[in-house]
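# Commentary on secondary and tertiary structure
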Amino acid sequence: MSHLKQLPQMGYALKEVERLYPPVQNISRGVVKDIYYAGYCIPAGWYVDISPLLTHRLPEIYTDPDRFDPDRFAPLREEDKKHPFALVGFGSGPHSCLGWQFAQMEMKIILSKLLRYDWIVSPEPNAVVPVRQPSQFQDSLQAQIKKVLS
Ligand code: HEM
């Protein structure tokens, strides 16, 4: 547990994956009373969808948003601090993810195990675009792994 807290770079990399490939791609809310926003009225009874997939790539918040750049979360830059809802892969507010801490722990443990292997991913990571259903990848995304650390 104490080691997990000492892995800031890994934390930035995980945030960058959360930003570019949020597993929960739409967060829905029912509108309980009329909302006026940006010159539009969103009437009570409608549904509003927040899409982290889109908001996480807003150039007003993230520099060169399509680029994988974990250091954007490091001190001095901290681009996710530019807006309270800049990074919402785990939601936000009263219904934000109850498992956030557990998930962070799991991801760090799993990733540190995976980093014991050399990875060759095919096709090239840059050729892979996010899809709604990861199962769509099953025939096309392949990896060869070789153990490098004991
Ligand atoms: C990578 C892993 C995970 C992601 C990306 C994720 C994402 C999210 C998101 C976006 C929400 C907000 C939904 C909304 O606002 O409508 C949420 C809510 C929630 N998550 Fe997670 N989650 C993860 C893992 C977990 C785990 C491991 C648990 C439990 C151990 C968990 C339990 C919950 C619960 C109970 C809520 C509902 C909270 C509420 O409505 O008050 N999540 N999660």
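Reference entry: report on the structure contained in this document.

Parameters and conventions
- Residues numbered from 1 in each chain as written.
- Predicted model: local features only at pLDDT ≥ 70, side-chain atom pairs only at ≥ 80, totals over all residues.
- Heavy atoms only, no water.
- Near = heavy atom within 4 Å.
- Polar contact = N/O pair within 3.5 Å; in protein donor to acceptor, adjacent residues only side chain to side chain.
- Helix = DSSP H or I, 4+ residues; strand = E, 2+ residues; numbered from the N terminus.
- Nonpolar A, V, L, I, M, F, W, Y, C, P; charged D, E, K, R; others polar.
- Core = buried A, V, L, I, M, F, W, Y, C linked by side-chain atoms within 4.5 Å.
- Buried < 20%, exposed > 50% of the residue type's maximum accessible area, 1.4 Å probe, protein only.
- Contact = heavy atoms within 4.5 Å.
- Phe/Tyr/Trp six-rings, centres within 6.5 Å; stacked < 30°, edge-to-face > 60°.
- Lys NZ or Arg CZ within 6 Å of the ring centre and 35° of its normal.

### Focus on the site of the ligand
As a matter of local geometry, the ligand sits amid 15 residues, with Arg29, Gly89, Phe90, His95 and Cys97 nearest to it. Note that an oxygen atom of the ligand is positioned 2.6 Å from one of the side-chain N or O atoms of arginine 29. Note that an oxygen atom of the ligand is positioned 2.8 Å from one of the side-chain N or O atoms of histidine 95. Contributions of two or more residues to the shell around the ligand are made by strand S1 (27-30) and helix H3 (100-114). Its residues assigned to classes, the shell around the ligand shows nine nonpolar, five polar and one charged.

### Things to note about the nonpolar core
In terms of nonpolar packing, the biggest core is built from seven residues, these being Tyr12, Ile61, Tyr62, Phe73, Ala74, Ala86 and Leu87. Beyond its immediate stretch of four places on either side in the chain, tyrosine 62 contacts Arg19, His56, Arg72, Phe73, Glu79, Asp80, Ala86 and Leu87.

### So, the packing of aromatic side chains
A complete count under the given rule lists one aromatic pair for this structure. Directly above the aromatic system of tyrosine 62 lies the positively charged group of arginine 19, at a separation of 4.8 Å from the ring centroid.

### Quick word on unusual backbone geometry
At aspartate 64, a position not held by glycine, the phi torsion is positive, near 45 degrees. When you line up the elements, aspartate 64 lands in the loop between helix H2 (52-55) and H3. A relative accessible area of 47% places aspartate 64 in the partly exposed class. We note that leucine 76 has phi near 85 degrees; this positive angle belongs to a residue other than glycine. Residue placement: leucine 76 occurs in the loop between H2 and H3. In this structure leucine 76 comes out as exposed when scored by relative accessible area, which is 90%.

In short, shape yes, function no, at least from these values alone.
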